[in-house]
Amino acid sequence: MEGTENTTYWSFDRRIGLFNETVKTYLPNLLAERLMDHLAHSTFLISFGIEDYVWNYLPPSNGTLSHLTPDIFAELLIDGLAVRLAALYKLGARKMVLNNLWPMGCTPAFANPSDPTVLCCNESINKMVRPFSEGLPSILNQLKSNLSEANFSVLNDLQFVANLKSNPNKYGITNTVDPCFKNDTSRCDSPDQYLYWDWVQTTEAANHVLAINCFNGTICSPKNIIELVGASSS
């Protein structure tokens, strides 16, 4: 996706192109013969899929691919992701962490606000995005069989959101219903207490909880980042 009416995004292909330019043009001057070893020991965090669903598939935007079934749309995304992961591997990436999708039907953008104090999840939306999360581990296993030095881990956004919602006092994130940032003139006073920054994305405070758990907890599997860093790429 290149962008929307008011926002421009860099597509995954463009980002890979820029990474390719960096690897081939700039890093050799800094790392010389250590370049490939440096890349093999680096950990790549790849966030993928959320904007594709929001702008190209889910109502009310009903993008150009909204006519596809949930299974077919997820397959299209996952197959495209696999091609691009192979491209990153060819450039030297070996250790990669990828997210599945949190329950989009529970975000402020898509939830059913039957009670303004309780976020009632839209299960029809959750059902539409579920095939992506279900299909991701399988395609990573297939890639691993072809890319022998690759190590993949899945960041479980589904578990992450469920954990925050069920333990608000543990993390200090007490508002799991409203977006902190609603528009240019409406912003909450205490974003650290909010799960959602805007109508879909999570706050820095929530992401901090996620990052710590991915580094040394169990939300990233089969290896957390500490384990992934120590894993052999050969």
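The paragraphs below set out a description of the structure included in this document. (Residues numbered from 1 in each chain as written. Predicted model: local features only at pLDDT ≥ 70, side-chain atom pairs only at ≥ 80, totals over all residues. Heavy atoms only, no water.)

## Overview of the packing of aromatic side chains
So, point 1. What the rule picks out here adds up to eight aromatic pairs.
So, point 2. Centroid distance Y53 to Y57: 5.9 Å. Interplanar angle 80°. Geometry classified as edge-to-face. Note on accessibility: Y53 and Y57 belong to one class, buried.
So, point 3. An angle of 15° between the planes, with centres 5.4 Å apart, marks the rings of F181 and W197 as stacked. Highlighted residues: F181 in strand β7 (residues 181-183) and W197 in the loop between β9 (194-196) and α8 (204-216), separated in sequence by 16 residues.
So, point 4. Residue W197 is classed as partly exposed on the basis of its relative accessible area of 30%.
So, point 5. Three or more aromatic residues link up through ring pairs in this structure, and these residues are F12, F48, Y53, Y57, F73 and F132.
So, point 6. The ring of Y89 has R94 sitting right over it, with the charged end atom 3.8 Å from the ring centre. (Phe/Tyr/Trp six-rings, centres within 6.5 Å; stacked < 30°, edge-to-face > 60°. Buried < 20%, exposed > 50% of the residue type's maximum accessible area, 1.4 Å probe, protein only. Helix = DSSP H or I, 4+ residues; strand = E, 2+ residues; numbered from the N terminus. Lys NZ or Arg CZ within 6 Å of the ring centre and 35° of its normal.)

## Let's talk about the packing of helix α4 (residues 70-91) against helix α5 (residues 123-146)
For any two helices packed against each other, one specifies the inter-axial angle together with the distance between the axes.
So, point 1. At a closest axis distance of 8 Å, the pairing of α4 and α5 adopts a crossing angle of 35°. Two packed elements cross with a definite hand, and for α4 against α5 that hand is right-handed. Residues P70, D71, A74, L77, I78, D79, L81, A82 and L85 of α4 lie in contact with α5, whose contacting residues are K127, M128, P131, F132, G135, L136, I139, L140 and L143.
So, point 2. In the contact of α4 with α5, the residues fall into 14 nonpolar, one polar and three charged. (Axes fitted to C-alpha atoms, helices over the stretch in contact; angles between N-to-C directions. Left-handed = near helix turned anticlockwise from the far one by under 90°. Contact = heavy atoms within 4.5 Å. Nonpolar A, V, L, I, M, F, W, Y, C, P; charged D, E, K, R; others polar.)

## Some remarks on the packing of helix α1 (residues 12-31) against α4
So, point 1. Look at α1 against α4: their axes get within 10 Å of each other, and the N-to-C directions meet at 5°. One way to sum up the angle between α1 and α4 is to call them roughly parallel. Residues F12, D13, I16, F19, N20, V23 and K24 of α1 form the contact with α4, whose participating residues are L81, R84, A87, L88 and L91.
So, point 2. A per-class count over the contact of α1 with α4 returns eight nonpolar, one polar and three charged. (Parallel < 35°, antiparallel > 145°, perpendicular 65-115°, else oblique.)

## Looking at the side chain of S42
So, point 1. Note on placement: S42 falls in the loop between α2 (35-40) and β1 (43-46).
So, point 2. Overall, the relative accessible area of 19% leaves S42 in the buried class.
So, point 3. Here H38 takes part through its backbone oxygen, which lies 2.7 Å from a polar atom of the side chain of S42. (Polar contact = N/O pair within 3.5 Å; in protein donor to acceptor, adjacent residues only side chain to side chain.)

## Observations regarding a negative patch on the surface
So, point 1. On the surface, D71, E75, D79 and E134 cluster together to form a negatively charged patch.
So, point 2. Structurally, E134 is set in helix α5.
So, point 3. The class of E134 is exposed, set by a relative accessible area of 57%. (Patch = residues over 30% accessible without salt bridge, like charges linked within 9 Å, V, L, I, M, F, W, Y side chains within 5 Å. Areas by Shrake-Rupley, 256 points an atom, 1.4 Å probe, with all protein chains shown as cover. Salt bridge = Lys/Arg side-chain N within 4 Å of Asp/Glu carboxyl O. Lys, Arg positive; Asp, Glu negative; His and termini not counted. Charge placed at Lys NZ, Arg CZ, Asp CG, Glu CD.)

## Here we look at the layout of surface pockets
So, point 1. In this structure, the largest pocket occupies an estimated 1000 Å³ of space.
So, point 2. Along the wall of the largest pocket there are 39 residues; nearest its centre are R15, I46, S47, F48 and G49.
So, point 3. Sorting the residues of the lining of the largest pocket by element identifies α1, β1, α3 (50-56), α4, β2 (95-99) and α8 as the ones contributing at least two each.
So, point 4. For the lining of the largest pocket, the element with the highest residue contribution is α4, accounting for six residues.
So, point 5. Residues belonging to the lining of the largest pocket are distributed by class as follows: 23 nonpolar, ten polar and six charged. (1 Å grid on protein atoms, 1.4 Å probe; cavity = no way out; pocket = protein on both sides within 12 Å on 5 of 7 lines; lining within 4 Å. Points joined across faces, edges and corners; volume = space filled by probe spheres on them.)

These results come straight from atomic positions and should not be treated as a statement about function.
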